[in-house]
Amino acid sequence: MSKVIDQPVLMVVEDGEPKRFFWIKKWVNVKDVVDKWSESGRWWDEEREKTFYRVLGGEGGVYEIYFDNKHWKLYKVFD
Amino acid sequence: MTSLAITDHNNVSGAVRFIKASREAGIKPIIGCEVTMEGGFHLTLLCKNDAGYRNLCSILTDAHLSNKRGQPEVSLTSLALHKEGLFVLSGCRKGLIPSLILQKRFKEALEIAQDYKNVFGKESFFIEVSESLLPGSMSLNRNLWQLADIVDLHSVVTNNVHYAEKEDFKIHDILTCIRTSTKLEDVHPERRLNRENYLKTEMEMGIEHADYCEGLHNSWALAKECECPLELGTPNFPAFDYYEGFSSASHFLRHLVYLGAEQRYGKVTSDIKARLDRELNVINHLGYADYFLVVWDLVKFATRCGIRHAGRGSAADSAVAYCLGITDVDPIAQNLLFERFMSLERGEKPDIDIDFDARRRDEVTAYVYSKYGDEHVASVATYNTFQGRSSIREVGKVMGYSPDEIDLIAKRLPHVPGYMLENVFKTLPELKNLDIPEKRLNVLVETASKLSGLPRYLGTHLGGVVISRNPITQFSPLEKSAKGVKILQFDKDDVEDLGLVKIDLLSLRTLGAVEDSLRFAGTGSGLDYDGIPLDDPDTFNRLKSADTVGIFQLESPAQRGLQGRLEAENIEDVVASVALIRPGPIKGNMVEPFIKRRKGEEEVKYLDPRLEGILGKTYGVILFQEQVIEIASTIGGFTPGEADNLRRTMTHGRSVEEMEKIGETFIERAVQNGVQEEAAREIFECMKGYASYGFCEAHARAFATTAYKTGYLIQHYPAEFYGAILNNQPMGFYPVSTVCVEAERHGVEILGPSVNQSEKEVSVKGNGIRIPFKMIKGMTERAMESIISEREKGGKFSSANDFMKRVKLDKDIMRNLILCGAFDEFGVFRRTLLWQCKDLYLADSSGQKETLVEPSYYEYPNISEAEFSLEEKVSYEYEILGFGISAHPMEIWRDKLKEKGFTSSQEICMVKAGDFVKVGGIPVRPHRPPTKSGRTVVFLSLEDECGLVDVTCFEQVYAKYGEFLFPGERLPLGIWGQVQKRGNTFSIVAKTVFPLSYVLS
């Protein structure tokens, strides 16, 4: 199961790649990037391109986060 | 970047242009293809060498020809059979191996990889890894590397490029939507998720695959091993199987030419011999003897079978072509330049174009296939590209515009290339007030203009056929056209670069019309087309009166205007007429001076005495391309090749800089040749004024002969020739309705369709033209045959009931037959018959309840007792036949129009020049030709029951009334304007334009 969050998060980045983010009063370390892809979305509505990361958190959780060239957002949390 | 491979889907159409562009950029071109395998999986093939390219062509030909059109599939058997010279890559995510991995079917993926390795060998089969930032890519690529290790295969890194820059993704997405009939808002698996399919730099590729350098190295090694398989420009001309007793094709050609020369000239003088020898020398030196023989042979075939034909274009500059019977203009007598056609210096392939009777052209093509064999003949393709209108239509659909909105815009839009769209939407009055929000329309126009010139689909060239010495599939794969013809994957220019020779077997409906009029006249008439005298006074009088609707090349309003002023007296004037109404002479302001000088109203002056010899026959005006060449060589001292290059630069509208450069050279050399600099500049300005399209004299002469002869036919055999025009529709400048009005104006009777009298084709009896079944909308071959065969078998139909009992037709055809009056001879009202027929039909039909009349009629049964009004009848006739049999719409409204002070086309000649009149009619061909001032002027004709009234709308009037002039449909128009008389012609200069319904309602 997964839950859509789609909320901005504070993100620490190294060489453009996510390293850790702040979520529910604690920092989640990015242990591993399991997958990475990009989506152009509704370009005709001037929607920004997003780069998605599916990451493994240090505490064992799986998260989907994205960067839309402006903000980092936590998109989904997997149970 | 040192090398780049092109791997389009299932075609190599881009290969020639790709090779040229790569070489220009200093990049090694690699030719390949992304093929669709059976089951829809993709596989990448790269050519190592010539053998690989030949095999790729065979694989693609097999895939295209043995599957449904547009759905080619390569079988593994075919691939294995033709594997030599090819590198095989496992493909993108749609490849069989990657898709199995994505489905986590690892074991099967391994088995397939092992199978491919067994078939192609480790040295030729590679695992392909590319990064497109799609979900699952990371694990897919990891698994592909592992798989390569396990099966002991090399893997290579590739970039799946679909467009050059990231920004082009949008256009690619639009094109994908067009291809898959998807709207932007809708999802489709073929649409790409992101902008990652752009051409990445070597550095970007290095960073992207930094953890897998081996793959990158393998790619470079692979590229090194590939050689460009296509040697552009190496000739591969057809081989002609010449007759026994001759040592070579050139020997045989020489024999035929001299044989022909004796027939054409009687005595071959030393001048003729010198000319023929000079031409033969060039032809043989460039290796075109076989080509001439091939053309001679097919012309001979056409003559033998009675297929009317005529050579056109610059081939008429060749005495060899004349002696071989390919063309009918004597270039020696007319002093035509052979160099315009062929020259050693240029060394280019000569273009021999031949027009054939449109209906029989396919017989000639079939002959070519049977003579040279399927393996050596194929049709040339055309790269159909997005133009203004097609872009608007397609992008409109994708953006969710309604069909009505798209129709409204597209029908008002002139035929312009896509890059002009933004400009025409800004400037053309008929494209304003479209009732579409500005921002929405702007997005449409901007997006559509970006599609300009992009390939849309592979079409078939109108008549271009290639005959090759070696099997044709060594040069190009073949595929099926929409009509089922086998076509190459290259267009005419690329075919020439490949060293192949194209022969144009064109179809000209005018030749069909000539043939038909001879048939209608019958052998008893004594009419001999070839023997038509070229000095018939009646024909010239017809031209002088500008009464030329229907005459080949001389019927447009501009030509009619010219005829009324020029008053042609001989065939030379007709040649000039054909050449004068062209963008070059019009923009170069040569029409008026020519007319005045020809009529002796203006003195002929030359800027240099040497020009007299060149321009004497055209009264000092540059009319023909040959004259440009001659001026360049006589005045500018250009070599024939240089002069022809100048002509090309001018006629193909090349860059201003290039023109300026040539101009400077010309002036410099002319001054060296003793011409004053000022005069040299002026001469060059005249030549420049001619720039853009003009005819070559040879072509103008060939066309002028046909023009004059069709004039003779229309003058002396009106029923036969108007009938022939109707039988060969669509042809000429005017719609069927205008042809009928013109025929009737000349005393010919147009007889409506009749179930007892009509044939499949037009028939002519005495002074009457019987409208045939084929002109009825929706008519089918089967329906025509069933009517005619029943009539032949059981005799004429005695009543409508008798017809309906004996012939079973589709309900739409039946409806149309009734409504266009095909049963009128039985004296039953059309509406009554429609009503009766409905009952009969349902009684006989196999349970399918189809109504023949509009549902509203059922509510008023009594209506069936009365006939349609004349207006209703004519409206149906227009819908079904394209013209009125019962009356012309203007005839119905004439009394009312007269009351309102309207003048008919017949009465215009009685109005004083300068007076103001109101005229009304159905608009015919409103158009905006190029003008010398560069301003937009709209020309159109208004058709009424008596003929045509020509109308000119200048810029201000057009700006105000553009939406009425180009409404996107044919609605009757009214015009108020001033009568103008020029020569023997009348026209109206419009001041106000309005829909005629404003005054009729």
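Criteria and cut-off values
Residues numbered from 1 in each chain as written. Chains lettered and ligands numbered in written order. Predicted model: local features only at pLDDT ≥ 70, side-chain atom pairs only at ≥ 80, totals over all residues. Heavy atoms only, no water. Helix = DSSP H or I, 4+ residues; strand = E, 2+ residues; numbered from the N terminus. Buried < 20%, exposed > 50% of the residue type's maximum accessible area, 1.4 Å probe, protein only. Pairing = 2+ DSSP bridges. Expected span 1.5 Å × (residues − 1). Arc of directions from axis to C-beta. Contact = heavy atoms within 4.5 Å. Buried area = accessible area lost by both parts, 1.4 Å probe. Salt bridge = Lys/Arg side-chain N within 4 Å of Asp/Glu carboxyl O. Polar contact = N/O pair within 3.5 Å; in protein donor to acceptor, adjacent residues only side chain to side chain. Nonpolar A, V, L, I, M, F, W, Y, C, P; charged D, E, K, R; others polar. Axes fitted to C-alpha atoms, helices over the stretch in contact; angles between N-to-C directions. pLDDT = per-residue confidence, 0-100.

A short note on the side chain of Ser38 of chain A
Right, so step 1: With respect to the helices, strands and loops of the structure, Ser38 of chain A is situated in strand 4 (residues 26-39).
Right, so step 2: Exposure remark for Ser38 of chain A: the relative accessible area of 1% places this residue in the buried category.

A short note on the pairing of strand 13 (residues 502-508) of chain B
Residues and elements named next belong to chain B.
Right, so step 1: With 6 of 7 residues buried, strand 13 lies mostly within the body of the structure.
Right, so step 2: Of the strand pairs in this sheet, strand 8 (residues 353-357) and strand 13 are connected by 5 bridges, and their pairing is parallel. The residue of strand 13 that forms the bridge with Phe356 is Ser507.

Regarding helix 5 (residues 106-120) of chain B
All names here are of chain B.
Right, so step 1: Look at helix 5: 21 Å from first C-alpha to last across 15 residues, which is about the 21 Å you get at 1.5 Å a residue.
Right, so step 2: Along helix 5, the residues classified as buried are Ala109, Ile112, Ala113, Tyr116, Lys117 and Phe120. All buried residues of helix 5 project into a common sector of 140° when viewed along the axis, lining one side. Of the exposed residues in helix 5, the ones pointing more than 90 degrees away from its buried face are Lys107 and Asn118.
Right, so step 3: At the exit of helix 5 stands Gly121, carrying a positive phi of roughly 90°.

Regarding helix 25 (residues 591-598) of chain B
All names here are of chain B.
Right, so step 1: Counting buried positions along helix 25 gives 6 out of 8 residues, so the element sits mostly inside the fold.
Right, so step 2: Taken as a whole, helix 25 has its buried residues at Val591, Pro593, Phe594, Ile595, Arg597 and Arg598.
Right, so step 3: One or two positions beyond helix 25, positive phi appears at Gly600, with a value near 75°.

A closer look at the interface of chain A and chain B
Right, so step 1: The interface is formed by 14 residues belonging to chain A together with 18 residues belonging to chain B.
Right, so step 2: Taken over both partners, the interface formed by chain A and chain B buries close to 1300 Å², and the fraction arising from carbon and sulfur atoms is 57%.
Right, so step 3: Looking at the side of chain A facing chain B, the largest losses of area belong to Ser38, Trp43 and Trp44 of chain A, adding up to 42% of the total buried there.
Right, so step 4: Across the contact surface, chain A and chain B share 2 salt bridges.
Right, so step 5: The tally of links between chain A and chain B comes to 8 residue pairs in polar contact (both at pLDDT 80 or more).
Right, so step 6: Here the residues of the side of chain A that touches chain B are counted per class, giving 5 nonpolar, 3 polar and 6 charged.

A closer look at the sheet that holds strand 7 (residues 72-78) of chain A
Residue and element names in this part refer to chain A.
Right, so step 1: The strand order across the open sheet formed by 7 strands is 1-7-6-5-4-3-2, and the pairing between neighbours is antiparallel. Of all the strands in the sheet, just strand 1 (2-8) and strand 2 (10-14) have a single pairing partner and so form its edges. Each strand of the sheet is rotated relative to its neighbour by a mean of 30°, with strand direction disregarded.
Right, so step 2: For strand 2 and strand 3 (residues 17-23), the ladder comprises 5 bridges, and the chain directions are antiparallel. Paired with Val12 across the bridge in strand 3 is Arg20.

With respect to the confidence of the model for chain B
Residues and elements named next belong to chain B.
Right, so step 1: In the predicted model, chain B carries a mean pLDDT of 91, and 96% of its residues have values of at least 70.
Right, so step 2: Predicted confidence in chain B is weakest over helix 38 (residues 855-858), with a mean pLDDT of 53, and strongest over strand 4 (residues 86-89), with 98.
Right, so step 3: Note on the complex model: pTM 0.84, ipTM 0.95.

Regarding the pairing of strand 22 (residues 985-995) of chain B
All names here are of chain B.
Right, so step 1: Burial within strand 22 is extensive, with 8 of its 11 residues counted as buried.
Right, so step 2: The sheet contact formed by strand 20 (residues 947-953) and strand 22 spans 3 bridges and is parallel. Bridge assignment links Asp950 to a residue of strand 22, and that residue is Ser987.
Right, so step 3: Here strand 21 (residues 973-982) pairs with strand 22 via 10 bridges, running antiparallel. Looking at the pairing, Lys981 lines up with Phe986 of strand 22.
Right, so step 4: Hairpin connection between strand 21 and strand 22: a loop of 2 residues separates the two successive antiparallel strands, and Gly983 in this loop has a positive phi of roughly 60°.

Focus on the environment of Thr539 of chain B
Residues and elements named next belong to chain B.
Right, so step 1: Summarising the element assignment, Thr539 is placed in helix 21 (residues 537-544).
Right, so step 2: When the C-alpha atoms of Thr539 and Glu602 are compared, they prove to be 27 Å apart, with 63 residues separating the residues in sequence.
Right, so step 3: If sequence neighbours within four positions are ignored, Thr539 has contacts with Tyr708, Gly711, Tyr712, Gln715 and His716.

Side note on unusual backbone geometry
All names here are of chain B.
Right, so step 1: In this model, Gln729 is joined to Pro730 through a cis peptide bond whose omega is -5°.
Right, so step 2: Considering the arrangement of structural elements, one finds Pro730 in the loop between helix 32 (718-727) and helix 33 (736-745).
Right, so step 3: You will see that Asn433, though not glycine, has its phi angle at about 50°, which is positive.
Right, so step 4: Within the fold, Asn433 resides in the loop between helix 17 (421-427) and helix 18 (438-450).

So, the sheet that holds strand 4 of chain B
Residues and elements named next belong to chain B.
Right, so step 1: Spatially, 1-2-3-4-5-6 is the arrangement adopted by the 6 strands of the open sheet, whose pairing is mixed. Pairing within the sheet leaves two strands with one partner each, and these edge strands are strand 1 (3-6) and strand 6 (155-158). Across the sheet, the mean angle separating the axes of adjacent strands is 35° when strand polarity is ignored.
Right, so step 2: With 5 bridges connecting them, strand 2 (residues 28-36) and strand 3 (residues 42-47) associate as antiparallel partners. Looking at the pairing, Gly32 lines up with Leu46 of strand 3.
Right, so step 3: Against the sheet, helix 5 touches strand 3, strand 4 and strand 5 (125-130), its axis set at about 135° to strand 5.
Right, so step 4: Together, strand 1, strand 2, strand 3, strand 4, strand 5 and strand 6 form the strand contacts of helix 9 (residues 213-225), whose direction differs from that of strand 6 by roughly 85°.

A word on the environment of Arg340 of chain B
All names here are of chain B.
Right, so step 1: Turning to its location among the elements, Arg340 is positioned in the loop between helix 13 (319-323) and strand 8.
Right, so step 2: Taking the C-alpha atoms as reference points, Arg340 and Asp644, separated by 304 residues in sequence, lie 6.7 Å from one another.
Right, so step 3: In this structure, Arg340 is in contact with Ser314, Asp317, Arg346, Gln625, Glu626, Ile629, Asp644, Arg647 and Cys696, ignoring residues within four places of it in sequence.
Right, so step 4: At 2.7 Å, the side chain of Arg340 forms a polar contact with the side chain of Gln625.

Here we look at the side chain of Ser476 of chain B
Residues and elements named next belong to chain B.
Right, so step 1: Looking at the element boundaries, Ser476 is found in the loop between strand 10 (455-467) and strand 11 (478-480).
Right, so step 2: At 3.0 Å, the side chain of Ser476 forms a polar contact with the backbone nitrogen of Gln489.
Right, so step 3: Non-local contacts of Ser476, meaning those with residues more than four positions away in its chain, are made with Tyr53, Cys57, Thr61, Leu488, Gln489 and Phe490.

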